[in-house]
Amino acid sequence: MSQPHLPLFGILASLDASERNAAALTLIKSLAVLQNAHKTDLDPMEGEITEERLDQLCHPEVVYALKRLLRGLPSDREAARQGFSLALTELLIGLNFLTVKIVLELLFRFTEIKNFMKGKEERNHMFGRIFGYMSIVQSSMLTRPQTTAEDIQLIVDDLIEYSQEKSYLSECCHQVLVTMLPQIAKHPKSIKYIADTLFAEGVNTPDQLYVAMALKELLDNVNKQLPKDEQINWQKILGKSWKNPIILHSSNLKFLALLLKETSTEEGTQVSSSWRQNLHPVWDSALAPYFDASKSSAQIAPFNDFWNVVIDTSLFDSSSSHERKFWGFQIFEKVLPVLGEDQIPLVFTTNFMRCFVNNLSSEDRFLNKAAKHTMAAMHAKADSNEAVRLTLITQLLDKNPNFDRLSRSKTVETLLGGLDVSHIQHYLQYLTKAFLQQDGPDSSNMERGKRIDISRQWTIDQMFSLFRNHKVPREEGWIKSILEFYLVHAFFNIKKVDAKSKYVEAHVLPTPALSAATREHCRNRFYGMMAELSTMAPLAKKESEEDTVNYSRKLNGTMLDGTFWCSSALSMMMDLEKAKNFESLTELGEEAAKARKTALALVGKIQEKSKKASKELKAQYKAFELLFVQMILQLHVEPEDSTNILGELHECYDKVFTTSKKANSKKAGDDDDEELQPIEVIIDILLSFLIKPSALLRHVSEQVFVIFADKMTKTGLELMLSTLQTKDNKDDMFGEEDEEDEDAEADAHSQSDDEDSNDEDEDEEDESEDMDVDESEDDDNAPVDEEFRKKLAEALKVKDGDDDESEEELLGDDEMMAFDDKLNEIFKQKKLAKAQEKDAKQTLIHFKNKVLDLLELYVKKQSSNELVLDLIVPLLSLVLIPSASNKPVHDKISALLRNKLAKIKDYPREYDEEHVFEILTQVHELAKKSPDAKFAGLCGDLSLLLVKVLIGGQDEKTAVGETKVEPTPAKKTRKGSKAEVNPKEAAIKAKQDRVVALYSAGLKEFMTRKNSNLSAKMFSEFIDRFPHLAWHLSSTLLEYTSPKAAVKSFRQAMAFTLLSALVKRLANKQTPEFEQLFLETLPLIRNSLIETLEGAFEVKEEGAGAKGLNVARLREILKFALLSARMAKRSDRSMSEIWKTEQLGPLLQKISEDARFNSGALRNLIQQLLAVIGSDIKLPTGSVKKQEKQEKRKRELEATAAGSKKKTHRSKKRKVSNKEASTKEESD
């Protein structure tokens, strides 16, 4: 074999199908070229082809490839069988002169099973032989003239033998038989041999059925070629278990279900087959007659019978195994794409739906993924046709009304989202029909009545869910039909059927009649839908009506023509009251009816006036229309409250519009008596809306509030803020509140004020240190309920003065029973009272949250209004006072201040300067009482907002020096030049001075008061936002860099940190004056640094330890020193002169050698600083421990060296003494 072709055989085993196919194609093309170029004198069609003759007929490489491919079939390496069989099939197609006999001889040789083989090798050879047979069949070699019946019989015998020996080979063996049947149609005896051998005991397995159904298609043609006495008997092939020769006949369905389920049949025959994940191919043959017109027959069972018997009651039965149900899901997915719209209901059977819902409901279910896959198939089918989508929806809901809830999915919701407008109308008709017609026995039965109510309430909820589904394309037509449905069945009774009525609800009477519970549910959904509609943006805008677009943008809840949805509902209600065949179910009292009549007349006038009004007044007219209409609709549920509110609205309307006209004609000097402004009355009404648990009234309040927000007064704002200060008592919600405890704030912070003044420095290392506030409730210490005590004493028949001296009276059984009942009633009332108190507190919290929503709207819409600044101090004060019960409210207030108010971009430009400074001062005072770092940070954010309001974007114009007002030269006149002060600049500088003074005072307290609650973050953010203005704090910061000035070393380190941040910020801004000013402050920085470093050693010598620096704080100080030194290096002055290197250098070296400051990073900073200030001192590298080890090692080496020298000296001395002794002896 040539070298280029050999690697292709390895690629044929690749797991990537595309790689295998490419390698096979390349190999076959190369072999074809070689074979075409091969020349031989032999005629391939003459004589029998043997292996010797094969070598002569084919190119050597082709022969090698043929044998190599056959030899590779038994290999279990990756996908070798698939790749080699593919290439072998193509090669056999190209070598059209080869016979089946020669290929079988080679195949038998290379796949021979020998006795010494192990189980795995035997299995591989079996698979290899089957793949070889498949290649022979797929290459159509069986149709060649040289093919004999013996060749076919050899293949058939092997396949049947393997299928019987190994169950896992049965399916693939029968698949080969099915594939080869059409190719051997001209060999009728071979087909008869297959029938006689394979179906000796009838058709009892899916594999046999698969072959039998394929054989049935060829049976007539085969029998024509056989003598009558040898023809194939179809009934005999099927066996006794089949009651009809037509396999899909109704009488065979039961046995067919057992057979396809692969369980034991009625005759006791157990199917020998292991479970497989994929469906058996026989299912395609069984389903083909129902969906393939060429294979259909009138004698087969209807599809619904086939589905119910063979699939639903077999595979989806509750007793079926998970494996069988998995097959059922696969069959459903196979059938669904080819089903028509009218056939889809046939497959949504009871067992299938139960299994489908159960497995969708939880991920822990065994078939959860299979059910999800089936659900995806439903969505794919729905995407193909809108009518099919609607059919799927109705089927899912028919079998399981609460499908989405039970299955914990959004299947129906998602399917509804894909409906178009026309099919939405069809869906609503389906729901309406289900609502009106409730078939069944007499509705007087109580259980039947409850079931009907539940069914109708489900229908009502489905309509509401459709409306709230944002995926559904919204259109006024179907929305109005749902609103009409709710309105009619909630407030009216239909007297008789009127087919000509414009209201479709009158076309059919509900059967049975609607119950009170159903009407109540309709009423609730009606008001719920009105709440949703009140916030819904207009669906479209008419280009021809510009005015409509204007107020539609400002007021949601309008239709295409600009009419409110609530106005449309009111018009519908008025029209229904006039209709003869509708009877109103609501009876209003005399006072309510009168208020309704007056309000209706006024609404008509408002609608007329709004058409001619200006844009600003039009929005106000529409707001009053909205209020009046909503209150008229509320008369049906809360007549008394709504009547009172309608009266207040009427008076407010007169004040806003009627009184304003009279005011124009009054003289300027005439003053009216002080009274509430219209906006204040409106605020009061809106607050009364918010106290009610109605989403509709809440949305209306927000809409109206936005319109009148620009008319807000300080009194109106105080009215809203006062509701937030209401105590946790339902009686104080709108009534008089108890006097506030003047010392509440002081008590809240008593813990932080009473801390021990001798705390260690480490207590403040973390700036975010929280000072916890005791928020424990006083339930345990609550006073005893006197009323409860009296009731209990009365039950026990004990007087207030009675003690143990009274004689004990024994109670009888009846008296004891009565006594128990009375006690139960007393404790029940006590429990109910507690629940009511809890509900009242919860209601108050919800009310406060709604008020905060209005305040958030005000901040959003009126951020440039000066009044938004009046929210800061009251809201901050509420956050400051701790309360466990009001924690949700406090959290929401904090979020409003931090995320909304403190971040407004369009801040007030026109304001009262003194008032803003007063607010800023109060914020700083509150910051000094901060219970934790979070509150202190909130005060800092709001302080920055107020500074931004005061100086605007003037920070860049602020001089980086003393805030003195410099005179500006005036224009030269004839009299000469004159310098005058710019008033605008003077005003700005005056404000800057006051701001700096406030921050300077706070900074002094932070640095000097040990238990100060101020946060360093407050000053760092001020530096970052207003660096030019913050430079005026530099002198204060420099003062507290001295260890004698700061109260703690932590505060001293913070002074250096803040100063470092200030220097960096100004250096980045490249301010021209800054460098010179900074150089002037360098001596102060140097002196503070030297004093700090010297103080560290003084502390050590004195042993105080309280004010000593640690590594972290010293590192911050040295970072600033290094920054200052690098900036100073830019100047022309000598670094030694600026930094006094002779004094500072040794001090830094001493610090580096101190064991308290053992840090490699710290020594690195010191070395850098020494290099910048021009010192020649070189510090040893590494940590102190490492240096100590090096010194110790050095001493040991020196000691070792000294010891060896001493030893050498002693030996030399000993030699000299010995020599002298011997010399002396000789002389003697």
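All figures in this text were calculated on a predicted structure; none of them were measured in a lab.

Asker: Before we go on, may I ask you to explain the overall build of the protein in this structure?
Answerer: From N to C terminus, the protein includes 53 helices and four strands. Here the protein holds 1228 residues, and 47% of them are scored as buried. Long-range pairs, those at least 24 residues apart, make up 72% of the contacts in the protein with a sequence separation of at least 6. Accessible area for the protein stands at about 64400 Å²; split by element, carbon and sulfur atoms hold 49% of it.

Asker: It is not clear to me how unusual backbone geometry should be interpreted in this structure. Could you clarify?
Answerer: Note on backbone geometry: most residues besides glycine have negative phi, and most peptide bonds are trans. Residues Thr511 and Pro512 are joined by a peptide bond in cis, for which omega reads -5°. Residue placement: Pro512 occurs in the loop between strand S1 (492-494) and helix H26 (516-535). With a phi angle near 45°, Glu78 is a residue other than glycine that sits in the positive phi range. Relative to the helices and strands, Glu78 resides in the loop between helix H4 (60-72) and helix H5 (80-94).

Asker: Please clarify how the environment of Lys186 should be interpreted in this entry.
Answerer: By secondary structure assignment, the location of Lys186 is in the loop between helix H9 (170-180) and helix H10 (188-198). Take Lys186: its relative accessible area is 75%, and that puts it in the exposed class.

Asker: Would you mind going over helix H34 (residues 714-724) with me for this structure?
Answerer: For an α-helix, 3.6 residues make a turn, and residues three or four places apart therefore share a direction. Restricting attention to buried positions, one finds in H34 the residues Gly716, Leu717, Met720, Leu721, Thr723 and Leu724. Summarising the axial view, the buried residues of H34 lie within an arc of 155°, below the 170-degree limit, and thus occupy one face.

Asker: Mind showing me how you'd approach the packing of aromatic side chains here?
Answerer: Inspection of the entire model under this criterion finds 35 aromatic pairs. Each ring, one from Phe624 and one from Tyr653, has its centre 5.5 Å from the other, and the planes form 80°; the classification is edge-to-face. Here Tyr653 lies in helix H31 (residues 639-665) and Phe624 lies in helix H30 (residues 615-634), a separation of 29 residues in the sequence. In this pair, the class of Phe624 matches that of Tyr653, namely buried. A centroid spacing of 5.9 Å and a plane angle of 45° characterise the contact between Phe1022 and Phe1026, whose relative ring orientation is tilted. Take Phe1022: its relative accessible area is 0%, and that puts it in the buried class. Among the aromatic residues, those joined into a ring-pair cluster are Tyr290, Phe291, Phe303, Phe306, Trp307, Phe316, Phe329, Phe332, Phe348, Phe352, Phe356 and Phe403.

Asker: Whenever I open this one, empty space enclosed by the protein confuses me. Can you help?
Answerer: Left-over empty space is what a probe sized like a water molecule reveals as it rolls over the atoms. Tallied over the entire structure, the rule returns three cavities of 30 Å³ or more. Together, Met530, Leu533, Ser534, Asn556, Gly557, Phe564, Trp565, Cys566, Leu626, Gln630 and Gln703 line the largest cavity. Taken together, the elements giving at least two residues each to the lining of the largest cavity come down to H26, helix H28 (565-578) and H30. Looking at the lining of the largest cavity element by element, the count peaks at three residues for H26.

Asker: Help me understand the packing of helix H23 (residues 421-436) against helix H25 (residues 476-491) in this model?
Answerer: A pair of packed helices is captured by two measures, namely the crossing angle of their axes and the spacing between those axes. The contact between H23 and H25 brings their axes to 10 Å, and the two run at 15°. The angle between H23 and H25 falls in the class roughly parallel. For the pair H23 and H25, the sense of crossing is right-handed. The residues of H25 that touch H23, namely those facing Val421, Ile424, Gln425, Leu428, Thr432, Phe435 and Leu436, are Gly477, Trp478, Ser481, Ile482, Phe485 and His489.

Asker: Sorry, what's going on with the packing of helix H7 (residues 119-138) against helix H8 (residues 149-165) here?
Answerer: At a closest axis distance of 11 Å, the pairing of H7 and H8 adopts a crossing angle of 140°. When the axis of H7 is compared with that of H8, the two are oblique. H8 is crossed by H7, and the crossing has left-handed handedness. Residue-level inspection shows Met126, Arg129, Ile130 and Tyr133 of H7 in contact with H8, the latter providing Leu154, Ile155, Asp158, Leu159, Tyr162 and Glu165. Looking at side-chain class alone, the contact of H7 with H8 contains seven nonpolar, no polar and three charged residues.

Asker: Which parts of the structure should I look at to understand the pattern of salt bridges?
Answerer: Side-chain pairing between opposite charges can occur once the charged atoms of the two side chains come close. Summed over the entire model, instances satisfying the criterion amount to 31 salt bridges. Note that Glu1021 is salt-bridged to Lys1017, the shortest N-O span being 3.8 Å. With Glu1021 and Lys1017 both in helix H44 (residues 1016-1025) and four residues apart, the pair spans about one turn of that helix. Taking the relative accessible area as the measure of exposure, Lys1017 reaches 47% and is therefore partly exposed. Bridged by salt links that share partners, the residues Glu925, Lys928, Glu1005 and Arg1009 form one connected network.

Asker: Explain the confidence of the model for the protein here, please?
Answerer: Reading fine detail from the predicted coordinates is not recommended where pLDDT is low. Of the residues in the protein, 81% have a pLDDT of 70 or more, and the chain-wide mean is 80. Confidence over residues 798-808 falls short of pLDDT 50; this stretch has one contact with residues more than four positions distant or in other chains. Predicted confidence is poor over residues 962-979, with pLDDT under 50, and the contacts of this stretch with residues over four places away or in other chains come to 21 contacts.

Asker: Any chance you could explain H44 here in plain terms?
Answerer: Taken together, the buried positions of H44 are occupied by Ala1016, Met1018, Phe1019, Phe1022 and Ile1023. Taken around the axis of H44, the buried residues stretch over an arc of 160°, which confines them to a single face. With a side-chain oxygen positioned 3.2 Å from the backbone nitrogen of Lys1017, the residue opening H44 is Ser1015.

Asker: Whenever I open this one, the side chain of Ser534 confuses me. Can you help?
Answerer: One can find Ser534 in helix H26. Filtering out sequence-adjacent residues up to four positions away, Ser534 remains in contact with Asn556, Gly557, Leu696, His699 and Gln703.

Analysis parameters
- Residues numbered from 1 in each chain as written.
- Predicted model: local features only at pLDDT ≥ 70, side-chain atom pairs only at ≥ 80, totals over all residues.
- Heavy atoms only, no water.
- Helix = DSSP H or I, 4+ residues; strand = E, 2+ residues; numbered from the N terminus.
- Buried < 20%, exposed > 50% of the residue type's maximum accessible area, 1.4 Å probe, protein only.
- Contact = heavy atoms within 4.5 Å.
- Areas by Shrake-Rupley, 256 points an atom, 1.4 Å probe, with all protein chains shown as cover.
- Arc of directions from axis to C-beta.
- Phe/Tyr/Trp six-rings, centres within 6.5 Å; stacked < 30°, edge-to-face > 60°.
- 1 Å grid on protein atoms, 1.4 Å probe; cavity = no way out; pocket = protein on both sides within 12 Å on 5 of 7 lines; lining within 4 Å.
- Points joined across faces, edges and corners; volume = space filled by probe spheres on them.
- Axes fitted to C-alpha atoms, helices over the stretch in contact; angles between N-to-C directions.
- Parallel < 35°, antiparallel > 145°, perpendicular 65-115°, else oblique.
- Left-handed = near helix turned anticlockwise from the far one by under 90°.
- Nonpolar A, V, L, I, M, F, W, Y, C, P; charged D, E, K, R; others polar.
- Salt bridge = Lys/Arg side-chain N within 4 Å of Asp/Glu carboxyl O.
- pLDDT = per-residue confidence, 0-100.
- Polar contact = N/O pair within 3.5 Å; in protein donor to acceptor, adjacent residues only side chain to side chain.

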